[in-house]
Amino acid sequence: MKIYTVKDAESQTFIAPFTMNTDRDAIESFRHVVNEEKQSPYHKFPKDYTLYNLGTFDPRTGELQTNPQNSQIKLVVAYDLLQKEQ
């Protein structure tokens with residue numbers, strides 16, 4: 001499984017990490033929150049929130065593996081997923 005987090009640019013903090021099977025799954029889940037939860041900060045302030053991949057987690061062994069040099073891989077900014085209302 002892969003490990004993800006969302007960074008809040010305004011507060012310069014990250015939310016608690018979560019796991020998904022693929023980057024595509026994480027992006028689609030983030031897209032859903034951004035567009036369907038109209039009262040969420042992700043929807044209200046989409047330029048402030050960015051989804052990152054942190055590494056992997058093996059649920060069989062409990063092993064965590066971070067990305068090279070402990071880097072966060074930027075996947076997408078919430079604003080780029082926001083569907084404009086017609």
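Quick note: structure is the one above.
In short, a report on the structure. Only a predicted model underlies this, so the values are computations on that prediction, with no experimental measurement involved.

Definitions and cut-offs
- Residues numbered from 1 in each chain as written.
- Predicted model: local features only at pLDDT ≥ 70, side-chain atom pairs only at ≥ 80, totals over all residues.
- Heavy atoms only, no water.
- Helix = DSSP H or I, 4+ residues; strand = E, 2+ residues; numbered from the N terminus.
- Buried < 20%, exposed > 50% of the residue type's maximum accessible area, 1.4 Å probe, protein only.
- Contact = heavy atoms within 4.5 Å.
- Lys, Arg positive; Asp, Glu negative; His and termini not counted.
- Charge placed at Lys NZ, Arg CZ, Asp CG, Glu CD.
- Salt bridge = Lys/Arg side-chain N within 4 Å of Asp/Glu carboxyl O.
- Pairing = 2+ DSSP bridges.

Bringing the overall build of the chain into the picture now. A tally of regular secondary structure across the chain gives three helices and six strands. Reading the helices (α) and strands (β) of the chain from amino to carboxyl end gives β-β-β-α-α-β-β-β-α. Structurally, the chain occupies a C-alpha span of about 45 × 25 × 15 Å along its principal axes. By residue count, 31% of the 86 residues in the chain fall in the buried class. The contacts of the chain with a sequence gap of at least 6 include a subset with a gap of at least 24, amounting to 53%. One finds the centroid of the 10 positive side-chain charges in the chain at a distance of 4 Å from the centroid of its 12 negative side-chain charges.

Time to look at the pattern of salt bridges. If charged atoms from side chains of opposite charge come close, those side chains can pair. This structure, assessed with the given rule, holds three salt bridges. Across the pair Glu 28 and Arg 31 runs a salt bridge, and its minimum N-O distance is 3.2 Å. Note that Glu 28 and Arg 31 are positioned in helix 1 (residues 23-36) at a spacing of three residues, about one turn of the helix. Here Arg 31 falls in the partly exposed class, since its relative accessible area comes to 26%. Taking the shortest distance from any N to any O, the salt bridge between Arg 60 and Asp 58 comes out at 3.7 Å. Residue Arg 60 is classed as exposed on the basis of its relative accessible area of 74%.

The next subject is the pairing of strand 1 (residues 2-8). Counted residue by residue, strand 1 has five buried out of seven residues, so it is predominantly covered. Pairing of strand 1 with strand 3 (residues 18-20), which is carried by three bridges, proceeds in the antiparallel orientation. Bridge pairing in strand 3 links Tyr 4 to Phe 18. The sheet contact formed by strand 1 and strand 4 (residues 49-57) spans seven bridges and is antiparallel. Counted as the bridge partner of Tyr 4 is Asn 53 from strand 4. Summarising the sheet, strand 1 and strand 2 (residues 13-14) pair through two bridges and their orientation is antiparallel. Within the sheet, the bridge partner assigned to Asp 8 lies in strand 2 and is Thr 13.

That is the geometry; function is a separate question.
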